[in-house]
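Breakdown of the fold
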Amino acid sequence: QVQLVESGGGLVQAGGSLRLSCAASVNIFSVSDMGWYRQAPGKQRELVATNTRGGSTNYAGSVKGRFTFSRDNAKNTMYLQMNSLKPEDTAVYYCNVRNTDWGYDYWGRGTQVTVSS
């Protein structure tokens, strides 16, 4: 069973920065698509950023220009650099690793990000 462990969340003031990390317990990053999602209280989980194993990255419009996705396949770790944080970025952030061809879709347990105004 693959485990994904997020870290880096916390409380930050508006305008601040955080860097989230997601580490996998096995070496699957090089063959996986992956992404970051978030879920705010009372809202559905939404896409923040996705990245294909081919290197294509897409961002939600609300974070474009502020958040940056990166991955280190050798370390089986993905990152989300979040700058210019806003109170509306407050949510639990989840990482996801998947390969629909190979039939796996793994989620982390989430890390809380709280942005105070």
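Summary of the structure given here. Note that the structure is a prediction, hence the values are computed from the model and not measured. (Residues numbered from 1 in each chain as written. Predicted model: local features only at pLDDT ≥ 70, side-chain atom pairs only at ≥ 80, totals over all residues. Heavy atoms only, no water.)

The subject of this paragraph is the pattern of salt bridges. In the structure shown here, the tally under the stated rule is 5 salt bridges. Notably, a salt bridge pairs Asp101 with Arg53, separated by 3.5 Å at the nearest N-O pair. Here Asp101, found in the loop between strand S9 (91-99) and strand S10 (104-107), pairs with Arg53, found in the loop between strand S5 (46-51) and strand S6 (57-59); they are 48 residues apart in sequence, far enough to count as distant. Residue class for Arg53 comes out partly exposed when judged on its relative accessible area of 39%. One connected set of salt bridges, linked through shared partners, spans Arg38, Glu46, Arg66 and Asp89. (Salt bridge = Lys/Arg side-chain N within 4 Å of Asp/Glu carboxyl O. Helix = DSSP H or I, 4+ residues; strand = E, 2+ residues; numbered from the N terminus. Buried < 20%, exposed > 50% of the residue type's maximum accessible area, 1.4 Å probe, protein only.)

Moving on, we come to the state of the cysteines. Such a bond, covalent and formed between the sulfur atoms of two cysteines, is termed a disulfide. Overall, the coordinates contain 1 disulfide when judged by the stated rule. Here Cys22 pairs with Cys95 through a disulfide, and the sulfurs are 2.0 Å apart. Residues Cys22 and Cys95 are joined by a disulfide whose S-S torsion is about 60°; by sign, that bridge is right-handed. Of this pair, Cys22 sits in strand S3 (residues 18-24) while Cys95 is found in strand S9, placing the two residues 73 residues apart along the sequence. Using a relative accessible area of 0% as the deciding quantity, one classes Cys95 as buried. (Disulfide = S-S within 2.5 Å.)

Across a sheet, paired strands are connected by hydrogen bonds in the backbone, their directions being either parallel or antiparallel. A sheet is described by the order of its strands in space; here 4 strands give the open sequence S1-S3-S8-S7, paired in antiparallel fashion. Edge positions in the open sheet fall to strand S1 (4-7) and strand S7 (67-72), since each of these has one partner strand only. Sheet twist, expressed as the mean angle between neighbouring strand axes with direction ignored, is 15°. (Pairing = 2+ DSSP bridges. Axes fitted to C-alpha atoms, helices over the stretch in contact; angles between N-to-C directions.)

Another aspect to go through is the nonpolar core. Among the nonpolar cores identified, the biggest contains 28 residues, and Trp36, Met78, Leu80, Met82 and Tyr93 are the most heavily contacted of them. Looking at this core, the elements with two or more residues in it are S3, strand S4 (33-39), S5, S7, strand S8 (77-82), S9 and strand S11 (111-116). (Core = buried A, V, L, I, M, F, W, Y, C linked by side-chain atoms within 4.5 Å.)

So, about the environment of Met78. By the element assignment, Met78 lies in strand S8. C-alpha of Met78 to C-alpha of Met34: the two residues are 44 residues apart in sequence and 8.3 Å apart in space.

A few words now on the packing of aromatic side chains. Geometrically, a pair of aromatic rings is defined through the distance of the ring centres and the angle of the planes. Counting across every chain of the model gives 2 aromatic pairs. Measuring from ring centre to ring centre gives 5.4 Å for Tyr104 and Tyr106, while their planes differ by 20°; the resulting arrangement is stacked. Given a relative accessible area of 21%, Tyr106 falls into the partly exposed group. Lying over the aromatic face of Tyr79, Arg19 brings its terminal NZ or CZ to 4.0 Å of the ring centre. The aromatic ring of Tyr94 is capped on one face by Arg45, whose charged end is 3.8 Å from the ring centroid. (Phe/Tyr/Trp six-rings, centres within 6.5 Å; stacked < 30°, edge-to-face > 60°. Lys NZ or Arg CZ within 6 Å of the ring centre and 35° of its normal.)

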